[in-house]
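A structural walkthrough
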Amino acid sequence: MSLEQILLLLVAAAGAGWVDAVVGGGGLLQLPALLVAGVGPVQAMATNKLSSVFGTASAAVTYALTTKIDRRVAVPAGATAVLAAGLGALAASAVSAEVLRPLVMVVLLAVAAFVTFRPAMGAVPQPHLRTARRSFAAIVVTGVVIAFYDGVIGPGTGTFLIIAFTTILGLDFVAASATSKIINTGTNLGALAVFAWQGHILWALGLGMALCNIGGAQLGARMALRKGTGFVRVVLLCVVVAMVARLAWQQWG
């Protein structure tokens, strides 16, 4: 691998860390960069997880120090996510990406429409929605369903987590983003453990990218905290459109 390719990957990792820290979706930058550099698809997914887990965990710590997070939901959902994502990674070879991609695109378009036509969603917290039943539903949806999806295919995981916490628990976008980082750290760890066991990770490259991912994640988390829910909402819509375009290109391009 040439020096130019390595530098491209380091820049992509920093950008991915920023995007992941704000709304998720950093794989939009990191995965294509790894593939362009000549890394095989499975090794690219594995190395992406190694880099991402450091950046996501770093952003989770930054958010936790400055934002009130409901640990009664975040901790069990994050712990469950490790197992669910690991099972998803094991099942990945048995699931057809060609079947899943159109479904994911439809869901992402629905998310974009929902956020666009309901501007009040995520603008302010709605604490009256945080009932015991809704908290349990949030744990199942984020720690099991979305986590398993992240292990199987992955695109949009961070975005889906934010939307789930916003709609189910009534969190504002900043609090939802903060909480999602804990679960996303769990999903990355679960999938990473499987990839490590299978021997697919490029450790030296992944750890170098992880340092840049942490830098981008720290910048993204601080910008989200400083600029607030309106900023997160705009970035969320941009990332959703970019993910739909990427999935469409993979499916029919």
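That block above? That's the structure.
Predicted model only: the values in this text are computed from it and were never measured.

**Details of the packing of helix H1 (residues 3-22) against helix H9 (residues 203-227)**
Contact pair H1 / H9: the axes reach a minimum separation of 6 Å and the direction vectors enclose 40°. Accordingly, the angle class assigned to the pair H1 and H9 is oblique. Between H1 and H9 lies a crossing whose hand is right-handed. Packed against H1, whose contacting residues are Leu9, Leu10, Ala13, Ala14, Ala16, Gly17, Trp18, Ala21 and Val22, the element H9 presents Leu205, Gly208, Met209, Cys212, Asn213, Gly216, Ala217, Leu219, Gly220, Ala221 and Met223 at the interface. Its residues assigned to classes, the contact of H1 with H9 shows 15 nonpolar, five polar and no charged.

**Thoughts on the nonpolar core**
Within soluble globular proteins, side chains that are nonpolar generally end up buried alongside one another. Counting 54 residues, the largest nonpolar core has Val23, Leu108, Phe165, Val232 and Val240 as the members making the most contacts within it. Not counting residues within four places of it along the chain, the set of residues in contact with Val23 comprises Gly158, Thr159, Ile162, Val232, Val235, Leu236 and Val239. Formed by eleven residues, the second largest nonpolar core is a distinct cluster that contains Ala12, Val39, Ala44 and Met209.

**A word on the environment of Phe165**
Here Phe165 lies in helix H7 (residues 157-169). Sequence separation of Phe165 and Ser180 is 15 residues, and the distance between their C-alpha atoms is 7.8 Å. Setting aside its immediate chain neighbours within four residues, Phe165 contacts Val73, Ala138, Thr142, Gly170, Leu171, Ala176, Thr179, Ser180 and Ile183.

**Examining helix H4 (residues 71-91)**
Between its first and last C-alpha, H4 extends 29 Å over 21 residues, near the 30 Å set by a 1.5 Å rise per residue. At Ala81, H4 shows its strongest bend, of approximately 25°. Here H4 has its buried residues at Val73, Ala74, Ala77, Gly78, Ala81, Ala84, Ala85, Gly86, Gly88 and Ala89. Buried-residue contacts for H4 involve helix H6 (132-152), H7 and helix H8 (173-198).

**A closer look at a nonpolar patch on the surface**
Taken together, the side chains of Leu83, Leu87, Leu90, Phe148 and Trp197 present a nonpolar region at the surface, about 570 Å² in accessible area. Here the nonpolar patch takes three residues from H4, the largest share from any one element. Relative to the assigned elements, Leu90 resides in helix H4.

Rules behind the numbers
- Residues numbered from 1 in each chain as written.
- Predicted model: local features only at pLDDT ≥ 70, side-chain atom pairs only at ≥ 80, totals over all residues.
- Heavy atoms only, no water.
- Axes fitted to C-alpha atoms, helices over the stretch in contact; angles between N-to-C directions.
- Helix = DSSP H or I, 4+ residues; strand = E, 2+ residues; numbered from the N terminus.
- Parallel < 35°, antiparallel > 145°, perpendicular 65-115°, else oblique.
- Left-handed = near helix turned anticlockwise from the far one by under 90°.
- Contact = heavy atoms within 4.5 Å.
- Nonpolar A, V, L, I, M, F, W, Y, C, P; charged D, E, K, R; others polar.
- Core = buried A, V, L, I, M, F, W, Y, C linked by side-chain atoms within 4.5 Å.
- Buried < 20%, exposed > 50% of the residue type's maximum accessible area, 1.4 Å probe, protein only.
- Expected span 1.5 Å × (residues − 1).
- Bend = angle between axes of the 7 residues up to and from the residue.
- Patch = residues over 30% accessible without salt bridge, like charges linked within 9 Å, V, L, I, M, F, W, Y side chains within 5 Å.
- Areas by Shrake-Rupley, 256 points an atom, 1.4 Å probe, with all protein chains shown as cover.
- Salt bridge = Lys/Arg side-chain N within 4 Å of Asp/Glu carboxyl O.

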